[in-house]
Amino acid sequence: MANLINFFTYGELMNPKVMEEHGLQCKAMFSVSLSACKLVFNKTPFEDNPPPKLGLANIVHTQNGLAMMEGILYEMEESYLSQ
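Structural notes, computed from the coordinates.

**Observations regarding the side chain of T62**
1) Next: You can see T62 is positioned in the loop between β4 (56–61) and β5 (68–77).
2) Next: There is a polar contact of 3.1 Å between the side chain of T62 and the backbone nitrogen of G65.
3) Next: Excluding residues within four positions of it along the chain, T62 makes contact with A36, C37, K38 and A67.

In structure tokens, the structure reads:
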């Protein structure tokens, strides 16, 4: 049996059909909440000359611990790490 990993997703990847469109299949999926975390758009794009003020999604811990973020935790084969 293959080794399994846990893969946390948020946004459109919470939809299993979207995961399949990306060629990913899971063994199990669970609805989870991350305590003291929030979604922000502060990552700098890797592309050359990105549009001004464009920020990509990122998960960060909150200073006061009051936030909560929902997502899906997929259990999937480790072989997807090499893709």
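Let us keep going from here.
**Thoughts on the environment of N58**
1) Next: With respect to the element layout, N58 can be found in strand β4.
2) Next: N58 sits in the partly exposed class, given a relative accessible area of 23%.
3) Next: For the pair N58 and T44, spaced 14 residues apart in the sequence, the C-alpha separation amounts to 10.0 Å.
4) Next: Beyond its immediate sequence surroundings of up to four residues, N58 is in contact with Y10, K38, L39, V40, N42 and K43.
5) Next: Reaching out from N58, the side chain makes a polar contact with the side chain of N42 at a distance of 3.1 Å.

**Re the packing of aromatic side chains**
Remark: the centre distance and the inter-plane angle together describe each pair of aromatic rings, the angle taken between the planes.
1) Next: For the structure on display, the rule yields one aromatic pair.
2) Next: Geometrically, the ring pair formed by F8 and Y10 is tilted, given 6.5 Å between the ring centres and 35° between the ring planes.
3) Next: Residue F8 is classed as partly exposed on the basis of its relative accessible area of 22%.

**Some remarks on the sheet that holds β5**
1) Next: Strand order across the open sheet formed by three strands is β1-β5-β2, with antiparallel pairing between neighbours. Each of the sheet's edge strands pairs with one partner strand only, and the pair in question is β1 (4–9) and β2 (28–35). With strand direction ignored, the average angle separating the axes of adjacent strands in the sheet is 30°.
2) Next: In this sheet, β5 lies alongside β1 in antiparallel orientation, the contact comprising six bridges. In the sheet register, L4 faces β5, and the bridge partner there is E77.

Thresholds, definitions, all that
Residues numbered from 1 in each chain as written. Predicted model: local features only at pLDDT ≥ 70, side-chain atom pairs only at ≥ 80, totals over all residues. Heavy atoms only, no water. Helix = DSSP H or I, 4+ residues; strand = E, 2+ residues; numbered from the N terminus. Polar contact = N/O pair within 3.5 Å; in protein donor to acceptor, adjacent residues only side chain to side chain. Contact = heavy atoms within 4.5 Å. Buried < 20%, exposed > 50% of the residue type's maximum accessible area, 1.4 Å probe, protein only. Phe/Tyr/Trp six-rings, centres within 6.5 Å; stacked < 30°, edge-to-face > 60°. Pairing = 2+ DSSP bridges. Axes fitted to C-alpha atoms, helices over the stretch in contact; angles between N-to-C directions.

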